Amino acid sequence: MLTPKKLALAHTLGPVVVDIAGTVLTEHEIRRLEHPMTGAVILFTRNFTSAEMLRALCGAIHAVRPGILITVDHEGGRVQRFREGFTEMPSMAACRAAGDQAQARLAAAGYVLASELRAAGVDMTFAPVLDIDYGRSAVIGNRSLGSDRDEVERNARALMSGLRLAGMANCGKHFPGHGWAEADSHVACPTDNRSEAQIRRDLSIYRGLALELESIMTAHVAYQCFDGEVATYSPRLLKTILREELGFSGLIFSDDLSMKGACGDEPPLVRAQKALAAGCDMVLHCNHPEEADEILAGLEWSRTPAFDERLARLKPRVFSRWKRCGRNRAGSAQRSSLPILRALEPLERVTDAGAFCEKEQCSKAKADRISLRGARADDLARIKLHCVTPQILQ
């Protein structure tokens, strides 16, 4: 939900996404976070030892730069940055293999991912992966939500419903599609030699989800039918097709500009400038702090109202008080339980983030009936209801 407060905070932030080295902020990192061109932080496994430590780190980041967006790649399966104290999430391929239960499991996965991250102070995960699994790309593989565009779109919608239920924005990746190219863009520059018609069939997923995606991330893949240009640097793909033809109005992130797929022979500042000129709103540069400083120091960028609005929409939703039915307001202190999904099995333990309560605790609470403001009917239709403490959404 867009609010004046979110817009005001977004107006103080810039277009560069940076990272940090460890579990506490250094003086240099504090200065980097304070730089007016910095707008977001991405966390990695190296930034995590426990849920408690992560909450402290996120609190410190937000204290240095109020409103800054804290992000992570936390999809489940092999791409899960935080383990201890977090639910061990299955891959998206494992969820979609559940037959008739696939939609419920994906909605559950989205809710669990988002609720546990939010409890730790993380604002957003870069998900869902919208790349089709053609059985060719090892770097995508079981991260994919389907083997054809209809399956990907259907399963992505389920996953996003869980994210939305926990108040978290989404990020579809990697536009226009990373499922065909075989090389890993982290270590090489992949090439997709298919025809434009074939590429357009892949990116039609983004047409179907255009009104539901709050952000997307570009692919560091060179598409021969689009002048052989890497998507991150292609005005035709980002401005003409994504914005104008598909009608996407959310925020466009570049993938990490330090990856081999984005590098070429150009210096970091040139890469960042090219990505913004092509249509990216924000650029990631990770694992090379000296290069990030070079970008922050030299980047030429002009703020627009559209940038502020797109970034503001990515901040997590703060829910209204949950209204408990049948309890007099003058009674004892409010104690409510939230209806959430229980389609993932097993989810027996209580996480350090306070996400789930044990069955006996739920029996004591007698699964209090409440109204879930802001949740869409189709979201709730996908899930099985159980109860958790309201801490996770505060």
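Residues numbered from 1 in each chain as written. Predicted model: local features only at pLDDT ≥ 70, side-chain atom pairs only at ≥ 80, totals over all residues. Heavy atoms only, no water.

K.L.:
With reference to specific residues and values, describe unusual backbone geometry.
P.N.:
Between Lys-173 and His-174 the backbone carries a cis peptide bond, its omega angle lying at 5 degrees. Within the element layout of this structure, His-174 appears in strand 7 (residues 172-175). Note the cis peptide between Phe-175 and Pro-176, where omega equals 5 degrees. With respect to the secondary-structure elements, Pro-176 resides in the loop between strand 7 and strand 8 (191-192). Positive phi, close to 65 degrees, is recorded for Asp-227, a residue that is not glycine. The residue Asp-227 is located in the loop between strand 10 (222-223) and strand 11 (229-230) in this model. Residue Asp-227 is classed as exposed on the basis of its relative accessible area, which comes to 71%. (Helix = DSSP H or I, 4+ residues; strand = E, 2+ residues; numbered from the N terminus. Buried < 20%, exposed > 50% of the residue type's maximum accessible area, 1.4 Å probe, protein only.)

K.L.:
How would you summarise the pairing of strand 9 (residues 215-218) if you had to cite specific residues and measurements?
P.N.:
Residues Ser-215 and Met-217 point to one face of strand 9 and Ile-216 and Thr-218 to the other, with burial holding for every one of them. Across three bridges, strand 7 lies against strand 9 in parallel orientation. In the sheet register, Lys-173 faces strand 9, and the bridge partner there is Met-217. Bridge count between strand 9 and strand 12 (residues 251-256): three bridges; the pairing is parallel. In the strand pairing of strand 12, Ser-215 is matched with Leu-251. (Pairing = 2+ DSSP bridges.)

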